Amino acid sequence: MMKLGSRAALATASIVAAALQPACAMNVNLPAGYVLNGTMQQDIDTKTAQDGQRFTIITPAGSVINGHLSQVERANVGRKAHVTLNLDTIRFTDGTSTGLSADVIALEQHKTTNAAQAIGTVLGAMIVGNIIGKAVGTNAGGMVGVAGGALLAANTSQNIVVPAGSNVSIRLTAPMVTRQQAR
């Protein structure tokens, strides 16, 4: 009788262990050009971001896309902010991972103006415009300088901010194929 109880306990333990193991890897066959959507999990701000900084995107199905930043440039006078989001791998809900060849095609972002930098640009342009205006015999140089400085500041003094929770769309640049593994 004890032997039967041991067999029943062993069978129950085997069933529980099988249920706790991850499912077999899923089959995935997505063509190049396929679009995946997801949600950014971290804030990205070109004011503080660094090359190599890691980020994750979660798809509606629960897959995790891992990537890193490169070519991070902060906004500055005469230079627009820039950042490249590189997509590295995708991990499916069953634990299977594969490399990812894809480009970001849409991303919710905000631009933040560096106020001190913008004011400095406008004031500097006003002074230069005023000097040039006086040299040519007009008092309008300062106002022309302000207008030019404001245009320059509006076009160059904005950092890129991608808040956590932003929607991201990516397009596969190569097919993504995984095959179910036998147990």
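Each value, and the rule that gives it
- Residues numbered from 1 in each chain as written.
- Predicted model: local features only at pLDDT ≥ 70, side-chain atom pairs only at ≥ 80, totals over all residues.
- Heavy atoms only, no water.
- Helix = DSSP H or I, 4+ residues; strand = E, 2+ residues; numbered from the N terminus.
- Polar contact = N/O pair within 3.5 Å; in protein donor to acceptor, adjacent residues only side chain to side chain.
- Contact = heavy atoms within 4.5 Å.
- Pairing = 2+ DSSP bridges.
- Axes fitted to C-alpha atoms, helices over the stretch in contact; angles between N-to-C directions.
- Salt bridge = Lys/Arg side-chain N within 4 Å of Asp/Glu carboxyl O.
- Buried < 20%, exposed > 50% of the residue type's maximum accessible area, 1.4 Å probe, protein only.

**Student:** Can you walk me through the environment of asparagine 27 in this structure?
**Tutor:** Its place among the elements puts asparagine 27 in the loop between helix H1 (2–20) and strand S1 (28–30). Sequence-wise, asparagine 27 and valine 177 are 150 residues apart; in three dimensions their C-alpha atoms are separated by 7.4 Å.

**Student:** I tried to follow the side chain of threonine 46 on my own but got confused; where do I start?
**Tutor:** Within the secondary structure, threonine 46 sits in the loop between strand S3 (44–45) and strand S4 (54–58). In this structure the side chain of threonine 46 is engaged in a polar contact, spanning 3.0 Å, whose partner is the side chain of asparagine 159. If near-sequence neighbours (up to four positions away) are discounted, threonine 46 is found in contact with Val72, Glu73, Arg74, Ala81, His82, Val83, Asn159 and Ile160.

**Student:** For this particular structure, what's the right way to read the sheet that holds strand S11 (residues 167–172)?
**Tutor:** Within a sheet, each strand pairs with its neighbour through backbone hydrogen bonds, oriented either parallel or antiparallel. Here we have seven strands laid out as an open sheet, ordered S7-S6-S5-S4-S2-S11-S8, and antiparallel in their pairing. In the strand order of this sheet, the two ends are held by strand S7 (97–99) and strand S8 (102–107), each with one partner. Each strand axis lies, on average, 40° off the axis of its neighbour in the sheet, ignoring direction. Here strand S5 (residues 64–73) runs beside strand S6 (residues 82–91); their pairing, made up of eight bridges, is antiparallel. Note on S6: the bridge partner recorded for glutamate 73 is histidine 82.

**Student:** Honestly, the pattern of salt bridges in this entry has me stumped. Any pointers?
**Tutor:** Side chains that differ in charge, positive against negative, can pair when their charged atoms come close. The final tally for this structure, using the stated rule, is two salt bridges. Among the salt bridges present, the one from aspartate 88 reaches arginine 54, with a minimum N-O distance of 3.1 Å. Placement of the pair is aspartate 88 in strand S6 and arginine 54 in strand S4, with a sequence separation of 34 residues. For aspartate 88, a relative accessible area of 24% corresponds to the partly exposed category. The residue glutamate 73 makes a salt bridge to arginine 79 at a minimum N-O spacing of 3.8 Å.

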